[in-house]
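# An overview of the molecular structure
Listed below are the residues making up each chain.
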Amino acid sequence: MERILVSACLLGRRVRYDGGAKTSDDDLLARWRAEGRLVPFCPEVEGGLPVPRPPAEIEGGAGGAAVLVGEARILTPDGADVTEAFLSGARQALAAARSSGVRIAILKEGSPSCGSLRIYDGTHRGRTTQGQGVTTALLELNGVRVFGEDRVPDAARYLETLT
């Protein structure tokens, strides 16, 4: 059975920066959960960040790939550099994916870790830009296809090609 890495917040775990969850009510996710396919993971918590924690954004909206090569940092609104925690979480997410044989992930869109199509632009003003989070970038570089929670049907179609 193909396993799917999934953002823990989408499964109701209160791991988000604000102490909340972003529980998905998607029927496919519920079915996959019942089948035992899902591997819940929060890279920010696994990277050592507390719950709750200050929000963080990739400076300049540069994207996760820039963070991976040291060309951008991840900062809180007061300028605290939390890049290393995000990198550690991304590496742990990749390790979890590899140990479970994961080739597909469904992650929280917009997150500086998990965004697959868009992230916040680094200004801490609530604006988004196209880009990937650092965990998504690392997973994709290593052959794991990542979808946001709003693209579960696309993920299901991709999953069918793997089985």
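In this numbering scheme, every chain counts its residues from 1 along its sequence in written order. Reporting of local features is limited, given that this is a predicted model, to residues whose pLDDT is at least 70; pairs of side-chain atoms are given and counted only at 80 or more, and all residues count toward the totals for whole chains, interfaces and linings. As a rule here, side-chain values cover all heavy atoms of the structure and leave hydrogens and water aside.

Helix and strand content of the protein chain: six helices and eight strands. In the protein chain, the succession of α and β elements from N to C terminus is β-α-β-α-β-α-β-α-β-β-β-α-β-α. Our radius of gyration looks at C-alpha atoms and nothing else; its globule reference is 2.2 Å times the residue count to the power 0.38. The C-alpha radius of gyration of the protein chain comes to 15 Å, within 12% of the 15 Å expected for a compact globule of 163 residues. For each residue, the accessible area found with a 1.4 Å probe, counting protein chains only, is set against the maximum for its type, and the residue is called buried under 20%, exposed over 50%, and partly exposed in between. Of all 163 residues assigned to the protein chain, the portion counted as buried reaches 50%. The long-range share in the protein chain, meaning contacts at least 24 apart out of those at least 6 apart in sequence, stands at 64%. Accessible area for the protein chain stands at about 7700 Å²; split by element, carbon and sulfur atoms hold 47% of it. Where helices and strands are cited, they refer to DSSP runs of H or I of at least four residues and of E of at least two residues respectively, numbered from the N terminus. Throughout, a residue-residue contact means that at least one pair of heavy atoms, one from each residue, lies within 4.5 Å. Each accessible area value is a Shrake-Rupley result obtained with a 1.4 Å probe; residue values ignore everything except the protein chains displayed when judging cover.

Burial along strand 5 (residues 104-107) is two-sided: the face carrying I104 and I106 and the face carrying A105 and L107 are both buried. In this scheme, strands are said to pair when DSSP sees at least two bridges between them. As paired strands, strand 1 (residues 4-7) and strand 5 are joined by three bridges and run parallel to one another. Across the sheet, residue V6 finds its bridge partner in strand 5, namely I106. In terms of strand pairing, strand 5 meets strand 8 (residues 145-148) through four bridges, oriented parallel. Bridged to L107 within strand 8 is G148.

Definitions used for this entry: grid spacing 1 Å over protein atoms alone; cavity, a set of points where a 1.4 Å probe fits but cannot get out; pocket, an open set with protein on both sides within 12 Å along at least 5 of 7 lines; lining residue, one with an atom within 4 Å of a point. Grid points are joined across faces, edges and corners, and a volume is the space filled by probe spheres set on the points. Here the largest pocket defines a volume of roughly 510 Å³. Lining the largest pocket are 30 residues, and of these R16, Y17, S111, P112 and Y120 sit closest to its centre. Residue assignment for the lining of the largest pocket shows that the elements contributing at least two residues are helix 2 (43-46) and strand 6 (118-120). Residue composition of the lining of the largest pocket, by class: 16 nonpolar, six polar and eight charged. Gly counts as polar in this scheme, as do all residues outside two lists: the nonpolar Ala, Val, Leu, Ile, Met, Phe, Trp, Tyr, Cys and Pro, and the charged Asp, Glu, Lys and Arg.

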